[in-house]
Amino acid sequence: MNVLLIGSGGREHALAWKLAQSPKVEKLLVAPGNPGIGLLDKCECISLDVENLDLVADFAQENKIDLTVVGPEAPLVAGLADVFEARGLTVFGPSKAAAQLEGSKAFSKNIMAKYNVPTAFFKICDNLEDAKAYVEAKGAPIVVKADGLAAGKGVVVAFTKEEALSALDEMMGDHKFGSAGARVVLEEFMDGEEASLLAFTDGKIIVPMIASQDHKRAFDGDKGPNTGGMGTYAPAPVLTPALRDKATEEILKPMISAMQKEGTPYKGCLYAGLMVKGDSVKVVEFNCRFGDPETQVVLPLLDSDLAEIMLACATGKLDQIEIKWSDKAAVCVVVASGGYPESYEKGKEISGLDAASELGAVVFHAGTKLAGDKIVTSGGRVLGVTAVDDNIKAARDKAYTAVDKISFEKAFSRRDIAWRALNR
Ligand code: AMP
Ligand code: GLY
């Protein structure tokens, strides 16, 4: 089959890498892709205005695309899957209405509350006075969340009342995130350890993947500012098999049936951000797409054919597929540009990519571009260096040995990825 993949980051490189391994995939077109994706067998990077949904659908029709896979949330929230399905095109990813699970935190919290899916207590506020009054009444710690998409920056975990009030002023008063912050969700602070549980679903059944754990802070010891994610590992031992079953029964399955009952069936990858404390597991957030950089450690452990699974999800036939996982472990270390997540320079030549691969690591490109015959940096998170081995410790050692081969001016990475798993 011919597959079209939308996106350009490390997550999409991992998706393309796994899809290209499928004997069923003849050709994989990636819009816009990246230099790492361009080197993969069967893959071709193309330029396409992915914000123009009709144009993307025209392209899929003209190029006889059998399956379109959407990496990032924005095209899904904008309704790409709806445009495709209206034309009879097969797409992996939820409809616009179902993507509201990520696109609107209020929507997502309301569904969870209605169907008794465990999550933090919350209040939805549409105006600044009500929001401030609620914070005054509840006190800190409290979590302030912009309702809409805010590029991963719309959540403030406030440890004092003042922090919460000033977050509200920024979101609702100064419109820091535009209309995304016109409504906020105020949430009870949950203590515990986080894990990401991604799942495949065709709208009727849902099958969890292997649990992983991200490292959101920029520096070692979980210090420094929040980032898109500085590294991941899988499996995440915090989500024991028993807790994963519990999350499947109490969270994933009820959500899929809730979305059906609400008339907005959810298909594609459902990403559940979970908070684990003892034997309690609650939802922090849902995303309507694969995680980045979670995908970079989850897919290398998938022993089954990803194209076949995605096609089954898109066509309501997931019950006909067996999904098998390796019993190994994977670690991904992000190599970032100095200064990230604040300002950083671009265009730095990257060396050592081949040497890292020769050590058995897979180097996923996230923020790179071609400059002549050189590969240079073009983003904050530049590479995701991933290694698979018998256990987390061995995978981590292998990943860091590969990371040490790679260099560019002002490169940095965390040196403690997977510390929680190794401390157990
Ligand atoms: P997000 O940017 O939506 O991925 O989430 C931001 C981060 O805020 C999450 O990964 C959690 O670390 C934290 N967070 C969100 N909601 C809560 C909550 N209710 N209690 C504690 N931490 C939270
Ligand atoms: N790694 C966090 C996310 O993909 O949202």
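Provided above is the structure to which this section pertains.
Since we're looking at a predicted model, the values are computed, not measured. (Residues numbered from 1 in each chain as written. Chains lettered and ligands numbered in written order. Predicted model: local features only at pLDDT ≥ 70, side-chain atom pairs only at ≥ 80, totals over all residues. Heavy atoms only, no water.)

Topic: the site of ligand 1
Reasoning step 1: Residues in contact with ligand 1 amount to 16 residues; listed here are only the nearest, Glu 187, Glu 188, Met 190, Glu 194 and Glu 285.
Reasoning step 2: Glu 187 places a polar side-chain atom, nitrogen or oxygen, 2.7 Å from a nitrogen atom of ligand 1.
Reasoning step 3: The separation between an oxygen atom of ligand 1 and a polar side-chain atom of Glu 194 is 2.4 Å.
Reasoning step 4: When ligand 1 sits alone it has 480 Å² of accessible area, and the protein chains cover 88% of it. (Near = heavy atom within 4 Å. Polar contact = N/O pair within 3.5 Å; in protein donor to acceptor, adjacent residues only side chain to side chain. Areas by Shrake-Rupley, 256 points an atom, 1.4 Å probe, with all protein chains shown as cover.)

Here we look at the pattern of salt bridges
Reasoning step 1: Applying the stated criterion across every chain, the model contains 28 salt bridges.
Reasoning step 2: Between Glu 170 and Lys 176 there is a salt bridge, with the nearest N and O atoms lying 3.1 Å from each other.
Reasoning step 3: For Glu 170, a relative accessible area of 34% gives the class partly exposed.
Reasoning step 4: With a relative accessible area of 53%, Lys 176 lands in the exposed category.
Reasoning step 5: Measuring nitrogen to oxygen at the nearest pair gives 3.4 Å for the salt bridge that ties Lys 277 to Asp 191. Of this pair, Lys 277 sits in strand β16 (residues 268-277) while Asp 191 sits in the loop between β9 (184-188) and β10 (193-201), and the two are 86 residues apart along the sequence.
Reasoning step 6: When salt bridges that share partners are traced, they join Asp 222, Arg 414, Asp 416 and Arg 420 into one network. (Salt bridge = Lys/Arg side-chain N within 4 Å of Asp/Glu carboxyl O. Buried < 20%, exposed > 50% of the residue type's maximum accessible area, 1.4 Å probe, protein only. Helix = DSSP H or I, 4+ residues; strand = E, 2+ residues; numbered from the N terminus.)

Digging into the sheet that holds β16
Reasoning step 1: Pairing is antiparallel in the open sheet, where four strands are placed in the order β11-β10-β16-β17. The open sheet has two edge strands with one neighbour each: β11 (206-208) and β17 (280-287). For this sheet the average axis-to-axis angle between neighbouring strands, irrespective of direction, equals 35°.
Reasoning step 2: When β10 meets β11, the two strands line up antiparallel, connected through three bridges. Across the sheet, Thr 201 pairs through a bridge with Ile 206, a residue of β11.
Reasoning step 3: Set on the sheet, helix α10 (residues 241-261) makes contact with β10, β11, β16 and β17; between it and β17 the angle comes to about 45°. (Pairing = 2+ DSSP bridges. Axes fitted to C-alpha atoms, helices over the stretch in contact; angles between N-to-C directions. Contact = heavy atoms within 4.5 Å.)

Such coordinate-based values are descriptive only and should not be taken to indicate function.
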